[in-house]
Amino acid sequence: MNTPTTSPRPSQLPPPSQDHYLGLTGANAMATKAVAETEARILKAIKHNAMVCIHGHVGLGKTFAVHTVLRRRAPETTVRLRYNNGANMNEIRTQLWRRLDLPGEPPQSVGPCDQQIQDALEAKPHVLLIDEVQGLGAKALEYFRMLWGDDARRAAIILVGSGNARQKILNNPALHSRILDWYQFSPLTPTEVQSIIPAYQRIWAGAQPELVLYTDDMAGHGSFRNWARITLLLHDALAENPDLTLSKDLIRWALSRIDPTTRHTPQRSGA
(Lines give C-alpha, C1' and ligand atoms only; values in the text may rest on other atoms or scores of the structure.)
Protein backbone atom coordinates (compact mmCIF):
# COMPACT_ATOMS: atom_id res chain seq x y z
CA MET A 1 0.00 0.00 0.00
CA ASN A 2 1.40 3.36 -1.00
CA THR A 3 1.52 5.99 1.71
CA PRO A 4 0.35 9.40 0.50
CA THR A 5 3.04 12.04 0.56
CA THR A 6 2.65 15.76 0.77
CA SER A 7 4.72 18.11 -1.34
CA PRO A 8 7.02 20.42 0.58
CA ARG A 9 5.75 23.96 0.94
CA PRO A 10 7.31 26.21 -1.73
CA SER A 11 9.88 28.52 -0.24
CA GLN A 12 8.87 32.16 0.12
CA LEU A 13 12.51 33.21 -0.01
CA PRO A 14 13.68 34.77 -3.29
CA PRO A 15 16.15 32.82 -5.44
CA PRO A 16 19.85 33.56 -4.82
CA SER A 17 20.06 35.30 -8.20
CA GLN A 18 17.98 38.14 -6.74
CA ASP A 19 20.26 38.69 -3.75
CA HIS A 20 22.90 40.74 -5.53
CA TYR A 21 22.22 44.34 -6.45
CA LEU A 22 20.67 44.50 -9.95
CA GLY A 23 21.50 40.82 -10.42
CA LEU A 24 25.23 41.52 -10.75
CA THR A 25 26.67 38.96 -13.18
CA GLY A 26 29.18 36.57 -11.64
CA ALA A 27 28.81 37.88 -8.08
CA ASN A 28 29.66 35.30 -5.44
CA ALA A 29 28.13 34.82 -2.00
CA MET A 30 30.89 35.65 0.44
CA ALA A 31 31.27 33.85 3.76
CA THR A 32 31.83 36.95 5.86
CA LYS A 33 31.97 37.26 9.63
CA ALA A 34 28.59 39.01 9.46
CA VAL A 35 26.98 36.01 7.73
CA ALA A 36 28.37 33.69 10.42
CA GLU A 37 27.13 35.97 13.22
CA THR A 38 23.71 36.21 11.55
CA GLU A 39 23.51 32.43 11.27
CA ALA A 40 24.30 32.03 14.97
CA ARG A 41 21.41 34.33 15.91
CA ILE A 42 18.95 32.71 13.55
CA LEU A 43 19.81 29.22 14.75
CA LYS A 44 19.27 30.39 18.33
CA ALA A 45 15.89 31.85 17.36
CA ILE A 46 14.81 28.61 15.66
CA LYS A 47 16.02 26.45 18.56
CA HIS A 48 14.14 28.44 21.21
CA ASN A 49 11.27 29.91 19.16
CA ALA A 50 12.77 33.24 20.10
CA MET A 51 12.92 36.75 18.66
CA VAL A 52 16.19 38.20 17.37
CA CYS A 53 17.00 41.45 15.59
CA ILE A 54 19.49 42.03 12.77
CA HIS A 55 20.07 45.73 12.12
CA GLY A 56 22.52 48.25 10.69
CA HIS A 57 22.92 50.85 7.97
CA VAL A 58 21.55 50.25 4.47
CA GLY A 59 23.62 48.39 1.90
CA LEU A 60 25.73 46.30 4.30
CA GLY A 61 24.19 42.93 3.37
CA LYS A 62 21.68 42.28 6.16
CA THR A 63 18.89 40.92 3.98
CA PHE A 64 21.39 38.97 1.87
CA ALA A 65 22.82 37.28 4.97
CA VAL A 66 19.40 36.47 6.43
CA HIS A 67 18.13 35.01 3.15
CA THR A 68 21.33 32.96 2.73
CA VAL A 69 21.01 31.46 6.20
CA LEU A 70 17.26 30.77 6.01
CA ARG A 71 17.63 29.01 2.64
CA ARG A 72 19.96 26.57 4.39
CA ARG A 73 18.18 26.29 7.72
CA ALA A 74 14.46 26.88 7.22
CA PRO A 75 13.56 27.14 3.51
CA GLU A 76 10.07 25.65 3.84
CA THR A 77 9.05 27.08 7.22
CA THR A 78 10.04 30.71 6.65
CA VAL A 79 7.16 33.16 6.27
CA ARG A 80 8.64 36.21 4.57
CA LEU A 81 6.95 39.51 5.39
CA ARG A 82 7.88 42.89 4.01
CA TYR A 83 5.50 45.82 4.30
CA ASN A 84 5.32 49.24 2.74
CA ASN A 85 6.33 52.11 4.98
CA GLY A 86 3.48 52.89 7.37
CA ALA A 87 1.39 49.82 6.47
CA ASN A 88 -1.91 49.76 8.39
CA MET A 89 -3.09 46.87 10.52
CA ASN A 90 -5.45 45.55 7.84
CA GLU A 91 -2.49 45.29 5.44
CA ILE A 92 -0.39 43.65 8.15
CA ARG A 93 -2.99 40.98 8.87
CA THR A 94 -3.92 40.37 5.22
CA GLN A 95 -0.35 39.74 4.08
CA LEU A 96 0.34 37.47 7.03
CA TRP A 97 -2.90 35.55 6.37
CA ARG A 98 -1.92 34.95 2.76
CA ARG A 99 1.69 34.10 3.53
CA LEU A 100 0.45 31.46 5.97
CA ASP A 101 -1.64 29.99 3.11
CA LEU A 102 -4.86 30.28 5.12
CA PRO A 103 -7.99 29.59 3.04
CA GLY A 104 -10.27 32.28 1.73
CA GLU A 105 -10.18 35.90 2.75
CA PRO A 106 -9.27 37.00 6.28
CA PRO A 107 -12.29 37.72 8.50
CA GLN A 108 -13.11 41.40 8.79
CA SER A 109 -13.50 40.98 12.52
CA VAL A 110 -10.11 41.32 14.22
CA GLY A 111 -10.67 38.67 16.92
CA PRO A 112 -11.48 35.70 14.64
CA CYS A 113 -8.78 36.76 12.19
CA ASP A 114 -6.07 36.86 14.84
CA GLN A 115 -7.26 33.59 16.37
CA GLN A 116 -6.91 31.75 13.06
CA ILE A 117 -3.46 33.26 12.50
CA GLN A 118 -2.40 32.19 16.00
CA ASP A 119 -3.78 28.69 15.44
CA ALA A 120 -1.83 28.39 12.18
CA LEU A 121 1.39 29.51 13.87
CA GLU A 122 0.89 26.97 16.67
CA ALA A 123 -0.04 24.11 14.34
CA LYS A 124 3.50 23.66 12.98
CA PRO A 125 6.90 25.36 13.18
CA HIS A 126 7.29 28.72 11.47
CA VAL A 127 9.98 31.36 11.17
CA LEU A 128 8.54 34.84 10.68
CA LEU A 129 11.02 36.98 8.75
CA ILE A 130 9.98 40.62 9.05
CA ASP A 131 12.16 42.85 6.88
CA GLU A 132 12.32 46.66 6.85
CA VAL A 133 10.96 46.87 10.39
CA GLN A 134 11.96 50.54 10.54
CA GLY A 135 8.88 51.24 8.42
CA LEU A 136 6.44 49.63 10.86
CA GLY A 137 4.43 51.66 13.35
CA ALA A 138 4.13 51.01 17.07
CA LYS A 139 0.83 49.10 16.66
CA ALA A 140 2.37 46.75 14.10
CA LEU A 141 5.40 46.02 16.27
CA GLU A 142 3.15 45.37 19.26
CA TYR A 143 1.01 43.08 17.09
CA PHE A 144 3.97 40.85 16.26
CA ARG A 145 4.92 40.74 19.93
CA MET A 146 1.39 39.61 20.71
CA LEU A 147 1.53 36.95 17.98
CA TRP A 148 4.78 35.62 19.39
CA GLY A 149 3.11 35.32 22.77
CA ASP A 150 4.92 34.42 25.95
CA ASP A 151 4.23 30.89 27.12
CA ALA A 152 3.01 30.01 23.62
CA ARG A 153 6.05 31.36 21.72
CA ARG A 154 4.24 30.56 18.52
CA ALA A 155 7.10 31.17 16.06
CA ALA A 156 10.70 32.20 15.76
CA ILE A 157 10.76 35.84 14.68
CA ILE A 158 13.63 37.48 12.78
CA LEU A 159 13.40 41.29 12.74
CA VAL A 160 15.57 42.97 10.11
CA GLY A 161 15.91 46.71 9.69
CA SER A 162 18.03 49.77 9.06
CA GLY A 163 17.89 53.40 10.08
CA ASN A 164 16.00 53.77 13.36
CA ALA A 165 14.92 50.11 13.56
CA ARG A 166 16.72 49.55 16.86
CA GLN A 167 15.34 52.75 18.35
CA LYS A 168 11.78 51.82 17.38
CA ILE A 169 12.16 48.54 19.22
CA LEU A 170 13.74 50.27 22.21
CA ASN A 171 10.70 52.54 22.30
CA ASN A 172 8.50 49.47 22.76
CA PRO A 173 9.63 48.09 26.14
CA ALA A 174 7.37 45.03 25.93
CA LEU A 175 8.91 44.03 22.59
CA HIS A 176 12.44 45.02 23.51
CA SER A 177 12.39 42.91 26.68
CA ARG A 178 11.58 39.84 24.61
CA ILE A 179 14.41 40.14 22.05
CA LEU A 180 16.80 37.30 22.84
CA ASP A 181 19.76 38.52 20.78
CA TRP A 182 20.89 41.33 18.50
CA TYR A 183 23.44 41.70 15.74
CA GLN A 184 24.48 45.02 14.25
CA PHE A 185 26.03 45.02 10.77
CA SER A 186 29.08 47.23 10.24
CA PRO A 187 30.97 48.21 7.07
CA LEU A 188 33.73 45.87 5.97
CA THR A 189 37.11 46.80 7.41
CA PRO A 190 40.02 47.46 5.01
CA THR A 191 41.44 44.06 5.91
CA GLU A 192 38.11 42.38 5.10
CA VAL A 193 37.86 44.32 1.84
CA GLN A 194 41.29 43.09 0.76
CA SER A 195 40.45 39.47 1.55
CA ILE A 196 36.85 39.40 0.30
CA ILE A 197 36.57 41.63 -2.78
CA PRO A 198 39.04 39.70 -5.01
CA ALA A 199 36.73 36.68 -4.72
CA TYR A 200 33.51 38.71 -4.95
CA GLN A 201 33.48 39.10 -8.72
CA ARG A 202 35.97 38.04 -11.37
CA ILE A 203 37.04 41.54 -12.46
CA TRP A 204 38.70 41.96 -9.05
CA ALA A 205 40.44 38.58 -9.04
CA GLY A 206 43.78 39.90 -10.30
CA ALA A 207 43.51 43.45 -9.02
CA GLN A 208 46.37 44.89 -7.01
CA PRO A 209 45.52 45.32 -3.31
CA GLU A 210 46.24 49.05 -3.63
CA LEU A 211 43.61 49.36 -6.37
CA VAL A 212 41.02 47.53 -4.26
CA LEU A 213 41.68 49.79 -1.28
CA TYR A 214 41.62 52.87 -3.54
CA THR A 215 38.16 51.86 -4.76
CA ASP A 216 36.92 51.29 -1.23
CA ASP A 217 38.30 54.62 -0.04
CA MET A 218 36.74 56.47 -2.96
CA ALA A 219 33.28 54.89 -3.00
CA GLY A 220 33.08 51.35 -1.62
CA HIS A 221 33.18 52.40 2.04
CA GLY A 222 32.84 48.77 3.15
CA SER A 223 29.32 48.51 1.70
CA PHE A 224 28.41 45.55 -0.50
CA ARG A 225 25.75 47.62 -2.27
CA ASN A 226 28.32 50.27 -3.15
CA TRP A 227 30.73 47.61 -4.34
CA ALA A 228 27.98 46.01 -6.43
CA ARG A 229 27.17 49.31 -8.16
CA ILE A 230 30.82 50.01 -8.96
CA THR A 231 31.44 46.43 -10.07
CA LEU A 232 28.39 46.40 -12.34
CA LEU A 233 29.53 49.53 -14.18
CA LEU A 234 33.09 48.28 -14.49
CA HIS A 235 31.99 44.81 -15.59
CA ASP A 236 29.86 46.24 -18.40
CA ALA A 237 32.57 48.67 -19.49
CA LEU A 238 35.19 45.90 -19.67
CA ALA A 239 32.79 43.56 -21.47
CA GLU A 240 31.83 46.20 -24.04
CA ASN A 241 35.42 47.30 -24.72
CA PRO A 242 38.00 44.49 -24.48
CA ASP A 243 40.83 47.01 -24.89
CA LEU A 244 40.12 48.46 -21.47
CA THR A 245 41.89 47.32 -18.32
CA LEU A 246 40.97 47.80 -14.71
CA SER A 247 42.74 50.96 -13.55
CA LYS A 248 42.31 54.02 -11.37
CA ASP A 249 41.19 55.94 -14.44
CA LEU A 250 38.45 53.44 -15.23
CA ILE A 251 37.39 53.39 -11.58
CA ARG A 252 37.18 57.20 -11.53
CA TRP A 253 35.01 56.99 -14.66
CA ALA A 254 32.66 54.56 -12.86
CA LEU A 255 32.55 56.84 -9.82
CA SER A 256 31.61 59.79 -12.04
CA ARG A 257 28.60 57.79 -13.22
CA ILE A 258 27.51 57.07 -9.65
CA ASP A 259 28.23 60.59 -8.39
CA PRO A 260 28.11 63.31 -11.08
CA THR A 261 30.10 65.63 -8.80
CA THR A 262 33.11 63.30 -9.15
CA ARG A 263 35.49 64.80 -11.67
CA HIS A 264 36.94 62.56 -14.33
CA THR A 265 39.36 63.59 -17.06
CA PRO A 266 39.13 60.84 -19.73
CA GLN A 267 42.41 59.11 -20.48
CA ARG A 268 40.86 56.54 -22.78
CA SER A 269 38.88 56.71 -25.98
CA GLY A 270 35.12 56.76 -25.54
CA ALA A 271 35.37 57.54 -21.80
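Scroll up to find the structure.
Read on for a plain summary of the structure. (Residues numbered from 1 in each chain as written. Predicted model: local features only at pLDDT ≥ 70, side-chain atom pairs only at ≥ 80, totals over all residues. Heavy atoms only, no water.)

### Observations regarding the pairing of strand β1 (residues 51-56)
- Burial analysis of β1 places 6 of its 6 residues in the buried class, which makes it a mostly covered element.
- Burial along β1 is two-sided: the residues Met51, Cys53 and His55 and Val52, Ile54 and Gly56 are all buried.
- Taken together, the 5 bridges between β1 and strand β4 (residues 156-161) define a ladder with parallel strand orientation. Note that in β4 the partner of Met51 across the bridge is Ile157.
- With 6 bridges connecting them, β1 and strand β5 (residues 179-185) associate as parallel partners. (Buried < 20%, exposed > 50% of the residue type's maximum accessible area, 1.4 Å probe, protein only. Helix = DSSP H or I, 4+ residues; strand = E, 2+ residues; numbered from the N terminus. Pairing = 2+ DSSP bridges.)

### Notes on the nonpolar core
- Ranked by size, the top nonpolar core spans 34 residues in total, and within it Ile92, Leu96, Ile117, Leu136 and Phe144 carry the most contacts.
- Of all the elements, helix α5 (residues 138-148) adds the most residues to this core, at 6 residues.
- Contact partners of Ile92, with chain neighbours within four places excluded, come to Tyr83, Ala87, Leu136, Ala140, Tyr143 and Phe144.
- Ranked by size, the runner-up nonpolar core spans 29 residues in total, among them Leu24, Ile203, Trp204 and Leu211. (Core = buried A, V, L, I, M, F, W, Y, C linked by side-chain atoms within 4.5 Å. Contact = heavy atoms within 4.5 Å.)

### Points about the packing of helix α9 (residues 209-220) against helix α11 (residues 248-258)
- The N-to-C vectors of α9 and α11 enclose an angle of 20°; their axes lie 11 Å apart at closest approach. Judged by the angle between their axes, α9 and α11 are roughly parallel. For the element pair α9 and α11, the recorded crossing hand is right-handed. Together, Leu211, Tyr214, Thr215, Met218 and Ala219 of α9 and Lys248, Ile251, Arg252 and Leu255 of α11 make up the contact between the two elements.
- Here the residues of the contact of α9 with α11 are counted per class, giving 6 nonpolar, 1 polar and 2 charged. (Axes fitted to C-alpha atoms, helices over the stretch in contact; angles between N-to-C directions. Parallel < 35°, antiparallel > 145°, perpendicular 65-115°, else oblique. Left-handed = near helix turned anticlockwise from the far one by under 90°. Nonpolar A, V, L, I, M, F, W, Y, C, P; charged D, E, K, R; others polar.)

### Some words on the pattern of salt bridges
- Within the structure shown, the criterion is met by 11 salt bridges.
- Taking the shortest distance from any N to any O, the salt bridge between Asp114 and Arg93 comes out at 2.8 Å. Placement of Asp114 in helix α4 (residues 110-123) and of Arg93 in helix α3 (residues 89-99) is noted, with a sequence separation of 21 residues between them. As far as burial versus exposure is concerned, Asp114 and Arg93 are alike and both buried.
- A salt bridge links Glu105 to Arg98, with the shortest nitrogen-to-oxygen separation between them at 3.0 Å.
- Accessibility expressed as a relative area gives 57% for Glu105, which makes it exposed.
- What you see here is one network of salt bridges that share partners, running through Glu37, Arg41 and Asp181. (Salt bridge = Lys/Arg side-chain N within 4 Å of Asp/Glu carboxyl O.)

### A short note on the environment of Thr68
- Structurally, the position occupied by Thr68 is in helix α2 (residues 62-73).
- Counting along the chain gives 54 residues from Thr68 to Pro14, while the straight-line C-alpha distance between them is 9.9 Å.
- From its side chain, Thr68 meets the backbone oxygen of Phe64 in a polar contact 2.8 Å long. (Polar contact = N/O pair within 3.5 Å; in protein donor to acceptor, adjacent residues only side chain to side chain.)

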